[in-house]
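Tertiary structure, described
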Amino acid sequence: MALRKILTQEEATLHKVCREVTKFDSKLCELLDDMTETLYDANGVGLAAPQVGILRRVVVIDTGDEVVEMVNPKILETSGEQDGMEGCLSVPGEYWLVKRPSVVKATAQDREGNWFEIEAEGLIARCICHECDHLDGHLYTEIAYRKLTEEEIASLQGAEDEE
Ligand code: NI
């Protein structure tokens, strides 16, 4: 496994549409392993392949339970609405408020090509939407409606330190 460099928003790669994965081979396994290692190293909750310079439809998400690997993910249904803070490893140091569906039903393939379905709510639902947007070349700041101020970020970090 190896850490990959995370691209930031000015890179053209982050604004392109990714291609489907068609080969479920050792190269894909290596990419998924590297993406998970890179995600943990950066203390993120989700990472999409274009963020490490690979224009393929691959996502890893870990909101605290275990890593979920999603290859060729598709959102099937959404419902409800949640309003909250989001960040992105490709937009370092910024947090914005974004409205997302509260429940998301999605399908994806695992690293062997087997399709599975996932029904998620809360943070995982938010994360699936955020990462799937990356695969279509979109950053969350395009749909965010307000940027958190330095003071708001500082008070959030203070709250985290107390936990
Ligand atoms: Ni992101």
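Description of the structure in this document. The numbering scheme is per chain: residues are counted from 1 as the chain's sequence reads. Local features in a predicted model are, by the rule used here, given only for residues with pLDDT of at least 70; side-chain atom pairs are given and counted only at 80 or more, and totals for whole chains, interfaces and linings are based on all residues. Excluded from the side-chain calculations are hydrogens and water; all other atoms, namely the structure's heavy atoms, are used.

Salt bridges, as used here, are contacts in which a Lys or Arg side-chain nitrogen is within 4 Å of a carboxyl oxygen on Asp or Glu. In this structure the tally under the stated criterion is 11 salt bridges. Here Arg57 and Asp136 are joined by a salt bridge, their closest N and O atoms 3.0 Å apart. Here Arg57 is found in the loop between β1 (46–48) and β2 (58–61), whereas its partner Asp136 is found in the loop between α2 (122–135) and β8 (146–147), with 79 residues between them in sequence. Among the charged side chains, a network of salt bridges with common partners joins Glu86, Arg100, Arg126 and Asp133. Secondary structure elements follow DSSP: runs of H or I of four or more residues count as helices, runs of E of two or more count as strands, with numbering from the N terminus.

Here we come to the coordination of the nickel ion. Here the term donor refers to an N, O or S atom within 2.8 Å of the metal (or 3.2 Å for Na, K and Ca), and because water is left out of the atoms, sites may appear incomplete. Taken together, Cys88 (SG), His130 (NE2) and His134 (NE2) make up the full set of protein donors to the nickel ion, lying 2.1 to 2.3 Å away. Between consecutive donor residues of the nickel ion, the sequence gaps follow C-x41-H-x3-H. Remark: His130 occurs in helix α2 and Cys88 occurs in the loop between β4 (82–86) and β5 (96–100); sequence separation between them is 42 residues. For Cys88, a relative accessible area of 10% gives the class buried. Summary of the burial criterion: residues with accessible area below 20% of their type's maximum are buried, those above 50% are exposed, and those between are partly exposed, where the area comes from a 1.4 Å probe applied to protein chains only. Residue classification places His130 among the buried residues on the basis of a relative accessible area of 6%.

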